[in-house]
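# Topology and contacts: notes
Each chain, written out:
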Amino acid sequence: MKGRFITVEGGEGVGKTTQLAVIQQVLASSGLECIMTREPGGTPRAERIRELLLTPTNEPMPATCELLLMFAARSTHLENIIKPALDRSVWVVSDRFTDATYAYQGAARGMPLTDISVLEDLVQRSLRPDLTLLLDAPVEVALERARLRNQGQQTDRFELERISFFERVRAGYLDRAAREPLRFRVIDASQPIAEVSASLRTTLEAYIAGAKVHG
Ligand code: TMP
């Protein structure tokens, strides 16, 4: 069976970290070899770009610079980690990918979606995720969870944004999901954690069963 490229998306505080562990467990118990990776990041160079993107500094970050850095990190991640793994028939699970760019740099920052689409084609050619799991929760609920989790930790450049920014992120993601219903599965992340995990498990097991039929 060929490998599949799965991405996990959602705003701050939707519980991605917990659910990524569930995904890894489901794939392992289905006997599938997989790697877990993340964006921005996933390789030493891309992790350095992540630092540039997340660390607050006095020098304002132009939205265009932010967008190009996201795709610069993605290019090295794709060529050095994602594609080689898929070529070996390994499943790849990425904590965020290009839908995050459409939601954060596009819907929330206001960069034209057509510009993002040009960069997507340039960097990825025809490569797109096979399955995208979107963890969705009302912004107030999610930000409260993120606040509790982050107590005592450094706040990154995105976490400094206001509520309206995260409302646009959420709307941007839901818009992507509505446009591509075959690729997306939207999981209600406002449920108690055990129920979110159970929904995710059921969704992923159904996807894996389908993949096993198609090869
Ligand atoms: P994280 O919270 O999943 O660690 O991601 C780091 C931040 O980077 C998060 O606030 C979302 C943001 N981000 C973008 O703005 N655009 C992107 O394309 C990606 C991959 C992440």
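Cut-off values and rules
- Residues numbered from 1 in each chain as written.
- Predicted model: local features only at pLDDT ≥ 70, side-chain atom pairs only at ≥ 80, totals over all residues.
- Heavy atoms only, no water.
- Near = heavy atom within 4 Å.
- Polar contact = N/O pair within 3.5 Å; in protein donor to acceptor, adjacent residues only side chain to side chain.
- Areas by Shrake-Rupley, 256 points an atom, 1.4 Å probe, with all protein chains shown as cover.
- Helix = DSSP H or I, 4+ residues; strand = E, 2+ residues; numbered from the N terminus.
- Nonpolar A, V, L, I, M, F, W, Y, C, P; charged D, E, K, R; others polar.
- Core = buried A, V, L, I, M, F, W, Y, C linked by side-chain atoms within 4.5 Å.
- Buried < 20%, exposed > 50% of the residue type's maximum accessible area, 1.4 Å probe, protein only.
- Contact = heavy atoms within 4.5 Å.

Taken together, 15 residues form the shell around the ligand, and within it K16, R50, R96, T101 and Q105 come nearest. Interatomic distance of 3.1 Å between a side-chain N/O atom of R74 and an oxygen atom of the ligand. Side-chain polar atom of T101 to an oxygen atom of the ligand: 2.6 Å apart, as the coordinates give it. Compared with its free state, where it exposes 480 Å², the ligand has 92% of that area covered by protein. A per-element tally of the shell around the ligand places helix 4 (residues 98-108) first, with 4 residues. A per-class count over the shell around the ligand returns 6 nonpolar, 2 polar and 7 charged.

Nonpolar side chains in soluble globular proteins tend to be buried together. Of all hydrophobic cores here, the largest spans 25 residues; its most connected members are I23, L27 and W91. For this core, the elements supplying multiple residues, two or more each, are strand 1 (5-9), helix 1 (16-29), strand 3 (91-95), strand 4 (131-136) and helix 8 (193-214). The element contributing the most residues to this core is helix 8, with 6 residues. When neighbours within four sequence positions are excluded, L27 is seen to be in contact with L32, C34, W91, V93 and I208. The next biggest cluster of nonpolar side chains, apart from the first, holds 20 residues, and it includes I49, F158, F165 and A177.

Here the focus is unusual backbone geometry. Note the cis peptide between E39 and P40, where omega equals -15 degrees. As for its placement among the helices and strands, P40 is situated in the loop between strand 2 (34-38) and helix 2 (44-54). Despite not being glycine, S89 has its phi angle at roughly 65 degrees, a positive value. Looking at the secondary structure, you find S89 in the loop between helix 3 (63-87) and strand 3.

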